[in-house]
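If you want the building blocks of each chain, they are given just below.
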Amino acid sequence: MTSLSRELVFLILQFLEEEKFKESVHKLEQESGFLFNMKYFEEKVHAGEWEEVEKYLSGFTKVDDNRYSMKIFFEIRKQKYLEALDRQDKAKAVEILVGDLKVFSTFNEELYKEITQLLTLTNFRENEQLSRYGDTKTARSIMLIELKKLIEANPLFREKLVFPTLKSSRLRTLINQSLNWQHQLCKNPRPNPDIKTLFTDHTCSPPNGALPSTPVNLPTAAVAKPAAYTSLGPFPPTAAAANVNAFAGWMANAAASSSAVQASVVTASSLPLPPNQVPVLKRPPTPPLGLVEFQNADHDRLIKRLRPSHEEVTYPTLRHQASWSLDDLPRNVAFTLHQGSSVTSLDFHPSLHTLLLVGCSNGDITLWETGQREKLGTKTFKIWETTAAKEVPFSVTRVTWSSDGSFCGAAFSKHLVHLYQYMGPNDLRPHLEIDAHAGGVNDIAFAHPNKLLCVVTCGDDKLIKVWDLTGRKLFNFEGHEAPVYSICPHQKENIQFIFSTAMDGKIKAWLYDSVGSRVDYDAPGHWCTTMLYSTDGSRLFSCGTGKDGDSFLVEWNESEGAIKRTYLGFRKKSAGVVHFDTTQNHFLAVGEDGQIKFWEMDTVNVLTTTDADGGLPNLPRLRFNKEGNLLAVTTADNGIKILANASGMRYLRAVEPQNFEALRPTLEAAAVKVSGTSAVNVTPVSFKVERSSPVRPSAILNGVESLSRSLEKSRAMEDGSDKTKPWQLAEILNPSHCLTVTMQDSADASNKVARLLYTNSGVGILTLGSNGIQKLWKWIRNEQNPSGKVTAKATPQHWQPSSGLLMTNDISGVNLEEAVPCIALSKNDSYVMSATGGKVSLFNMMTFKVMTTFMPPPPASTVLAFHPQDNNIIAIGMEDSTIHIYNVRVDEVKSKLKGHQKRITGFAFSTNLNILVSSGGDAQLCIWSIDTWDKRKTVPIQLPAGKPPSGDTRVQFHSDQVRLLVSHETQIAVYDALKMDRIRQWVPQEPLSAPISSATYSCNSQLVFASFCDGNIGIFDSDTLRLRCRIAPSAYLPQNGGQGVYPVVVAAHPQEPNQFAVGLTDGSVKVIEPLESDNKWGASPPSDNGIVNGRPGSSSTASNHASDQGQR
């Protein structure tokens, strides 16, 4: 069903609700599956109308759709069963047990047996687990809490729990607009037409003509007045002029053609293709085998519709206004940073909440770690590549971070744009210089059309341009008649667009195509205006100043193309342009009249003001961090004041240097205020801030705060303590020095663990043995392990379905000694595919049944990987050095890639860069475009002198999707995947001199776990590849029988950054984590123990990196 058809259903639902057709409302909700009415569901559960509860649910999900659905139906049927037992209605209980609960026995036979045994009890509360079961009403209420959590977490209910906010009687309004249009087309329009019917188009009859009978009048005036109207869809009638000033019309058009828009972006950023070929992986609405990845970015669409003005309908659930107070605003000065030159632009890192990027009038770009009051470094302006008059002064007009924090950009007053890649503390690397515009570049922003990271710029030449990260221009938007002042890329649902404002006050909107502007509107003041969305993207604001000096701050009603709210409080005329920002979905802040003015978004009057202890310029520039607990504002003496709320103060104290004592108490009990009258002069020094690299939210990493406060705090404290004593390599020599748990396969000691995976939920470990058999180990949720996650503190169970099936690969005719086992797990943990020299098998993880087999040898499959955006697309590396891109849905090889000389040994996808990196037994890395599957580059890894190009090479992307970990028996290396330059390299040496058997990043990419063929395990800092901890074989292998045993593969827990597992040559698996008292693997090595930013240090390990200088 199209987007417009879906919206029509919502309009009908609203109409039915307003007309009190209650049963019809819920019937349409169920049959369409577009809106799950939680209030109605709760009513039916409280009433115990179980048949209606399940019937209503059936419109949205089935029992076996996913684990959330299964749990929902199980809880409902269990409650129904217990209520029957409580009524002593054993016959009904048996009927429920056999008819409703039997289906769950396939997945947990022991639980079903336990439920069955309740029939034998006089009172089921005699069962220990049900001893606290109260009365029926209480039990239903408790169950409802759990059901609501499951429904909200279930991917099938996404975008279905909130009714779009729209004006009342919207369907009637649209009909009236249609009648208005029809009346305008009448040849003899009457002043006051009488609408007779809606079944046919309206026409005014000639003066003496006959009139149809049976008049039907609408409750509201059918025809208000002849006026402009908003087009209803992509094909408005050509006879009437649509209102080009309405936002809703172009958005409707955009929704209808969004697929074409996305395709145009991909086509523009890839190699030329035949006209009928679109290089986009199409995702079928209902793929076979249920291979839908619910946690991917395609499902991260906004569930709120465009906000209307004034009169609203919030059917079926009420919107609850989140509580707030003045204490939520960062108004208290924490300290002042001395920049040294006039600051023109500020932007906080999206995830490292104290990392501040600053642009200056002299062209300098500075990176501040505000938590430490430390200037990490300054990039003095210089021209990198393009030809320009060097004597012309360049000023920074705007600095900004990409949404994941891996890149930042700067626009300059003279035609240039600089892009930098952020690799970590003290490591901001020049990436690209673009000669972007004729004249000044007034604004820069990052956008993700079709998930491709791009840069959007605008300038004095009246143009908006879109560039990819190689500097190739993808789009050139023309239409403004004055220099373009600002841009605001955004996405609503599947519509991606750019708002732009020009210095004549015109606002335009652009899709990523060549059609032209969709909107032509006037901003208040008719001069320089900036547009911003609220944090959740649901509300649009603009702020600017007119040529006469009057400033404006307004909220827009997108659905009407009109100003919804104008904020009051600007008292003086400004000589320049005011600047503003939004935060916490509640507050607006503007720098004006030497102070900061705050508004609550729903109130037009000023909420409060602050002068930040004085010293602000007339029009200060300001910027909130993404959490809204810090606010950076420029000062008149070329400094930056950092303001904080109580939460921000606690955050700053957590990472502050020990000698900082500037904080002082204030009269306000809720916050801490510090003196900001004296600036703190800071000189650039080498400074270490541990960080987890920014990531795009994914199912695997959502449980890990990649840039969390707790991690930063603990790592900062760790570094601080390390500096008070000489650093020493941590060595784990005895079993008592770490925590381990063993999963032993006693059936066949000769069967080694060839492949090892954690489930993405972190509750199990999946192994593939050299005999082609897969085993799943799970941890029981109990008092010892309340999370039910993999842990070394509890013993796991070898899990099998009640059928007793094993997941066994096809090994007919296979020589197991020569076979290369391979395995891949879908992100939702529902399916696993694997092969051991024979056909690739796809297994259901709940039943262990083989769902299908494909790709029979020869050649045999050696590496498998699910496409990160479509589980129906699989990359398969082959024994004959080719790579097959296979579509499960149509059972067809879509592309066959050739570039390696020996068998494929590793895959790594980067959705950020739109590439697949493959590694082979030829010690080569190949980079492929995942849009066109063309090969972009081949890079050989640097092997020791005399070493032939052979051996398995493995690859894995850092969580920033840019850095690439490459492991080979001779080395561990980190590459910058954008240019495929090697950044770091480590080669085996004492005390780890044996060949490397496996290596992997920790879940937050802070560490690298590496196993060695002599049984040692090394733990490295990922940024520097410096060894921080060695685990000797004696710490985890048995004293007797451990001779010659070593780890074949190492895997990292998806949510616990210090836990990993190793699969051994004797068929056993070990989960290893540090002692609770340590909670980490050693300490970060000092900067002189190796290299800093690629330069050799003074220690003996510097030889590992000396070759980098020659290579780079």
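Residues numbered from 1 in each chain as written. Predicted model: local features only at pLDDT ≥ 70, side-chain atom pairs only at ≥ 80, totals over all residues. Heavy atoms only, no water.

Let's talk about the overall build of the protein chain
- Counting its secondary structure elements, the protein chain contains 14 helices and 62 strands.
- Put simply, the protein chain shows about 46,300 Å² of open surface, and 51% of that area lies on carbon and sulfur atoms. (Helix = DSSP H or I, 4+ residues; strand = E, 2+ residues; numbered from the N terminus. Areas by Shrake-Rupley, 256 points an atom, 1.4 Å probe, with all protein chains shown as cover.)

Comments concerning the confidence of the model for the protein chain
- Summing up the model confidence of the protein chain, the mean pLDDT is 79 and the portion of residues at 70 or higher is 79%.
- A low-confidence stretch, residues 209-248 (pLDDT under 50), is modelled with 74 contacts involving residues beyond four sequence positions or located in other chains.
- Contacts of residues 256-322 to residues separated by more than four positions or lying in other chains number 155 contacts, the stretch itself having pLDDT below 50. (pLDDT = per-residue confidence, 0-100. Contact = heavy atoms within 4.5 Å.)

Some remarks on unusual backbone geometry
- Of note, the amide linkage connecting P857 to P858 takes the cis form, showing an omega dihedral of -10°.
- Mapped onto the secondary structure, P858 falls in the loop between β41 (850-854) and β42 (861-867).
- For the bond from E990 to P991, the omega torsion is 5°, close enough to zero to count as cis.
- The topology assignment puts P991 in the loop between β53 (981-986) and β54 (996-1001).
- Within the chain, N638 stands out as a residue other than glycine whose phi angle is a positive 65°.
- For N638, a relative accessible area of 28% translates into the label partly exposed.
- The backbone phi angle of M855 is positive, close to 55°, even though this residue is not glycine. (Buried < 20%, exposed > 50% of the residue type's maximum accessible area, 1.4 Å probe, protein only.)

Examining the side chain of D347
- Tracing the backbone shows D347 in strand β2 (residues 343-348).
- Relative accessible area serves as the criterion here: at 2%, D347 is assigned to the buried category.
- Here the side chain of D347 touches R623 through a polar contact of 2.9 Å, side chain to side chain. (Polar contact = N/O pair within 3.5 Å; in protein donor to acceptor, adjacent residues only side chain to side chain.)

Digging into the nonpolar core
- Formed by 39 residues in total, the largest nonpolar core has its most connected members in F36, F41, L57, Y81 and L101.
- Put simply, the parts of the chain that give this core at least two residues each are α3 (38-47), α4 (50-57), α5 (67-86), α6 (90-101), α7 (109-117) and α8 (136-153).
- Of all the elements, α5 adds the most residues to this core, at 9 residues.
- Formed by 33 residues, the second largest nonpolar core is a distinct cluster that contains L469, A923, L964 and M980. (Core = buried A, V, L, I, M, F, W, Y, C linked by side-chain atoms within 4.5 Å.)

Describing the pattern of salt bridges
- On inspection of all chains with the given rule, the structure shows 35 salt bridges.
- Between R963 and D960 there is a salt bridge, with its nearest N and O atoms 2.8 Å apart.
- It is possible to trace a salt-bridge network through shared partners that takes in D347, D581, R623 and K626. (Salt bridge = Lys/Arg side-chain N within 4 Å of Asp/Glu carboxyl O.)

Re α8
- For α8, spanning 18 residues, the distance from its first C-alpha to its last is 26 Å, which sits close to the expected 26 Å at 1.5 Å a residue.
- Those residues of α8 that sit buried are A139, R140, M143, L144, L147, L150 and I151. Within α8, the buried residues cover an arc of 140° as seen down the axis, which keeps them to one side. Exposed positions of α8 whose direction lies more than 90 degrees from the buried face are I142, I145, K149 and E152.
- Lining the buried residues of α8 we find α3, α4 and α5.
- The N-terminus of α8 is capped by D135, whose side-chain oxygen sits 3.1 Å from the backbone nitrogen of K137. (Expected span 1.5 Å × (residues − 1). Arc of directions from axis to C-beta.)

Details of the packing of α4 against α5
- The interhelical angle for the contact between α4 and α5, taken along N-to-C directions, is 175°, at an axis separation of 11 Å. Overall, the two elements α4 and α5 adopt an arrangement that is roughly antiparallel. From α4, W50, V53, E54 and L57 reach across to α5, where they touch I72, F73, I76, R77, Q79, K80 and E83.
- Its residues assigned to classes, the contact of α4 with α5 comprises 6 nonpolar, 1 polar and 4 charged. (Axes fitted to C-alpha atoms, helices over the stretch in contact; angles between N-to-C directions. Parallel < 35°, antiparallel > 145°, perpendicular 65-115°, else oblique. Nonpolar A, V, L, I, M, F, W, Y, C, P; charged D, E, K, R; others polar.)

Overview of a negative patch on the surface
- A surface patch of negative charge is lined by E817, E818, E879 and D880.
- Mapped onto the fold, E879 is located in the loop between β43 (870-878) and β44 (882-887). (Patch = residues over 30% accessible without salt bridge, like charges linked within 9 Å, V, L, I, M, F, W, Y side chains within 5 Å. Lys, Arg positive; Asp, Glu negative; His and termini not counted. Charge placed at Lys NZ, Arg CZ, Asp CG, Glu CD.)

Some words on the pairing of strand β8 (residues 416-424)
- Within β8, 9 of the 9 residues are buried, which leaves it mostly tucked inside the rest of the structure.
- Here strand β7 (residues 407-412) runs beside β8; their pairing, made up of 5 bridges, is antiparallel. Within the sheet, the bridge partner assigned to F407 lies in β8 and is Q421.
- Connecting the antiparallel pair β7 and β8 is a turn made up of 3 residues, with H415 showing a positive phi of about 60°.
- By the bridge criterion, 8 bridges tie β8 to strand β9 (residues 427-435) in an arrangement that is antiparallel. Looking at β9, one finds that G424 is bridged to D427. (Pairing = 2+ DSSP bridges.)

Regarding the pairing of strand β13 (residues 473-477)
- Taken together, the 4 bridges between strand β12 (residues 464-468) and β13 define a ladder with antiparallel strand orientation. Opposite W467, over in β13, you have K473 as the bridge partner.
- Taking the residues between adjacent antiparallel strands as the criterion, β12 and β13 are bridged by 4 residues, where G471 takes a positive phi near 95°.

Topic: the sheet that holds strand β23 (residues 587-592)
- The strand order β22-β23-β24-β25 describes an open sheet built from 4 strands, whose pairing is antiparallel. The open sheet has two edge strands, β22 (579-583) and β25 (608-610), and neither has a second partner. This sheet shows a mean twist of 20° between the axes of neighbouring strands, independent of strand direction.
- Where β23 meets strand β24 (residues 595-600), 6 bridges bridge the pair, whose relative direction is antiparallel. Looking across to β24, one finds that V590 is bridged to K597.

Some points on the sheet that holds strand β3 (residues 355-360)
- Taken together, the 4 strands give an open sheet; going across it, the order is β2-β3-β4-β5, and neighbouring strands pair in antiparallel fashion. Two strands close off the open sheet at either side, each with one partner strand: β2 and β5 (374-379). Across the sheet, the mean angle separating the axes of adjacent strands is 20° when strand polarity is ignored.

Focus: the environment of G439
- Among the structural elements, G439 can be located in the loop between β9 and β10 (441-447).
- A C-alpha to C-alpha distance of 6.4 Å links G439 and D461, two positions 22 residues apart in sequence.
- Those residues within four positions of G439 in sequence are excluded, and the remaining contacts are S413, K414, H415 and D460.

Some points on the packing of aromatic side chains
- Tallied over the full model, the rule gives 29 aromatic pairs.
- Between F60 and F157 the ring centres are 5.9 Å apart and the planes differ by 25°, which places this aromatic pair in the stacked class. Placement of the pair is F60 in the loop between α4 and α5 and F157 in the loop between α8 and α9 (170-184), with a sequence separation of 97 residues.
- Residue F60 is classed as buried on the basis of its relative accessible area, which comes to 7%.
- Residue classification places F157 among the buried positions, given a relative accessible area of 1%.
- Aromatic side chains F570 and W599 sit 5.5 Å apart centroid to centroid with 35° between the ring planes, which places their arrangement in the tilted category. Here the residue F570 occupies a position in the loop between β21 (562-566) and β22, and W599 occupies one in strand β24, the gap between them amounting to 29 residues. The same class applies to F570 as to W599, namely buried. (Phe/Tyr/Trp six-rings, centres within 6.5 Å; stacked < 30°, edge-to-face > 60°.)

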